[in-house]
Amino acid sequence: MSETKRVFGSFRDPSGFIFQTNGRIYRQVNRCYARAYEQAESSGLFEEAIKKHWLLPFKEVQQVRPLSPEAYKVIIPTLIPFVSFPYEWSFSQIKDAALLTLDLHLAGLQRGMLLKDASIYNIQFWQGQPVLIDHLSFDLADRFNVWPAYGQFCRHFLAPLALMALVDARLSQLYRVYLDGVPLDLAASLLPFKSKLNLGLLMHLHMHAKNQIKFAHQGERTHNLKKLSVQEMTAIAKSLRKTVQRLLWHPSGTEWGNYYSDTNYSDSAMASKRAIICDMLRDAAPKHVWDLGGNIGAMSRLGVEQGAQVVSFDIDPVAVEKNYLHCRKEKETLLLPLVMDFTNPSPGLGFASKERESLTDRGPADLLMALAIIHHLAISDNLPFNYLARYFANLGQWLLIEFIPKHDSQVRRLLASRKDIFKDYTQDHFEEHFSRYFKIVRQQAIHDCERVLYLMKNQLEVTR
Amino acid sequence: MVMSIVITVFVVLFVPIKEAYAYLDPGTGSFLLQITLASILTLFVGIRSFWSNIKEFFINKFKKENKDE
């Protein structure tokens, strides 16, 4: 029996909402949005934005019943293989999403429309590039006195990008705390003095923060104030675009940045590892792969070569940035690099902790790759094999995992500065604990190296 | 700058406008800042365009004189 339900996080905009039926995602467009929808369609805005890969393609559907009587239309958007959130993106991913948002707004202004909201959660990565997924974001410009999403754009994009570029890229994690974007007064207080010498940041961030505080409790009426012309709104959007475009982040080397030139793999060991992984991927034939420690994506791309959609996670924002820039340069469509700390993966966030799904709720993947990561989790983070096996069993049907013995130089490096309290860190214990949740289908030692690769099948049936 | 403040005060006080149609509250601070910035930025655009016209005039004149020689 099919179940139809409204998607929990889709409740803010009265123009419509997302619902799910028969496992497919639909969007109900309400009658109050009819004029804007028709304008976006007749002006060619939808067509142009889809053609430029700025807007997620969609189709109108007649055969699906809307959820409520105020419906004007039901549309079916193209399915996004993996939904990700800004606290999982690297600097350039957020920057590209910001530029896209402004380009969409500018394209709207050319046709007498604008983006009525500028939420970063309206952007997703699809086929390697950011796209707008909210088909109800455009509205008629003459309905508004000013750009209503100006404050939201600055909180969702400008403030986090300025903090990442000028203070520390790890400040992207503020997205986890501030779901409606980083408060501008907080950003202004964290930014260095030199940010005030940047005219764009001075106007859109520092002056903006001051103005917000000044008028926060004065209850000024804005209804009868000046209405900006399209040219004036365009000037503001172009100024924001220039400000965002000029924000740069030059990552310096981190512990993972040079991983592939800083390991104990000989050329033959690396070739052997790649060949075994390819074989195992062929055996499992996954459509959706999560690479849990993807680094700059060298092994993730083996999944792509097999035709899978691969999410390449890494804890290091530098590695994810490098991976994304590579994807962008090579126009790769099947790989999505994301920042993720598997000792503290993305939880459910927002109202009732359900607006933004946790990582687990966005799974399971067909196959997890856990290469050269188990020793970090077990030794650096003291996670017992049993915990890891149980968690991985929640995340995927297949597990392609590398065991790294204690006498491996990488493990010895981890133990160099601490007492070895890991008497259970042995291959036997590893197999014993993982066998409680997985069936070991195949195992193979890597040539010229003491590491072992395993292909395991989940004994439980995990479903979405 | 003085000009933009005068313009802003003028429009804030004297230019009436209809109700906004939005589910997102732009916030009073953001609203008023946009009005100020719109004046400043369009002024910049005007100055830039005026300056490039002057530049273009002299470049053309210089080219013409060179040609005549």
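Residues numbered from 1 in each chain as written. Chains lettered and ligands numbered in written order. Predicted model: local features only at pLDDT ≥ 70, side-chain atom pairs only at ≥ 80, totals over all residues.

Focus on the overall build of chain A
Within chain A, the secondary structure is distributed over 15 helices and 16 strands. By the compact-globule yardstick of 23 Å for 464 residues, chain A fits well, its C-alpha radius of gyration being 24 Å. Overall, the C-alpha framework of chain A stretches about 75 × 60 × 40 Å when taken along its three principal axes. Sorting the 464 residues of chain A into buried and exposed places 45% on the buried side. Within chain A, contacts between residues at least 6 apart in sequence are counted, and of these 70% link residues at least 24 apart. (Helix = DSSP H or I, 4+ residues; strand = E, 2+ residues; numbered from the N terminus. Rg over C-alpha atoms; globule rule 2.2 N^0.38 Å. Buried ≥ 20, exposed ≤ 12 C-beta atoms within 10 Å, placed from the backbone. Contact = placed C-beta atoms within 7 Å.)

Things to note about the domain arrangement of chain A
Residue and element names in this part refer to chain A. If you check the domain split of chain A, you get domain 1 (4-77), domain 2 (86-245) and domain 3 (259-458). The centre of domain 2, based on its C-alpha atoms, is set 36 Å off from the matching centre of domain 3. Among the elements that take part in the side of domain 2 that touches domain 3, helix α3 (residues 91-109) stands out by supplying three residues, more than any other. When its residues are assigned to classes, the side of domain 2 that touches domain 3 shows six nonpolar, five polar and three charged. (Domains from an automatic or database assignment. Nonpolar A, V, L, I, M, F, W, Y, C, P; charged D, E, K, R; others polar.)

Description of the pairing of strand β13 (residues 365-370) of chain A
Residues and elements named next belong to chain A. Counted residue by residue, β13 has five buried out of six residues, so it is predominantly covered. Summarising the sheet, strand β10 (residues 288-291) and β13 pair through three bridges and their orientation is parallel. Its bridge partner lying in β13, Trp 290 is registered against Leu 368. As paired elements, β13 and strand β14 (residues 396-403) share five bridges and run parallel to each other. Paired with Leu 368 across the strands is Leu 399, a residue of β14. (Pairing = 2+ DSSP bridges.)

Digging into unusual backbone geometry
Peptide bonds are trans in most cases, and residues, glycine excluded, mostly fall at negative phi. All names here are of chain A. The residue after Gly 363, namely Pro 364, is reached through a cis peptide bond having omega -5 degrees. Backbone geometry places Gln 127, a non-glycine residue, at a positive phi of 55 degrees. Relative to the assigned elements, Gln 127 resides in the loop between β7 (123-126) and β8 (129-132). Looking at Gln 127, the number of C-beta atoms within 10 Å reads 15, which means it is partly exposed. Positive phi, close to 55 degrees, is recorded for Asn 295, a residue that is not glycine. Topologically, Asn 295 is positioned in the loop between β10 and α10 (300-305).

Quick look at the packing of α3(A) against helix α4 (residues 150-166) of chain A
All names here are of chain A. It is the contact of α3 with α4, at a shortest axis distance of 10 Å, that shows an interaxial angle of 145 degrees. You can see that α3 and α4 cross each other, and the crossing is left-handed. Judged by residue contacts, Phe 91, Ile 94, Lys 95, Ala 98 and Thr 101 of α3 engage Phe 153, Phe 157, Pro 160, Leu 161 and Met 164 from α4. (Axes fitted to C-alpha atoms, helices over the stretch in contact; angles between N-to-C directions. Left-handed = near helix turned anticlockwise from the far one by under 90°.)

Thoughts on the sheet that holds strand β3 (residues 24-30) of chain A
Hydrogen bonds along the backbone pair up the strands of a sheet, which may run parallel or antiparallel. Residue and element names in this part refer to chain A. If you trace the five strands from one edge of the open sheet to the other, you get β1-β2-β3-β5-β4, paired in antiparallel fashion. Taken across any chain shown, the strands that pair with only one partner, and hence form the sheet edges, are β1 (4-6) and β4 (58-61). Averaged over all pairs of adjacent strands, the angle between strand axes in this sheet comes to 35 degrees, irrespective of strand direction. With four bridges connecting them, β3 and strand β5 (residues 71-77) associate as antiparallel partners. Bridged to Gln 28 within β5 is Val 74.

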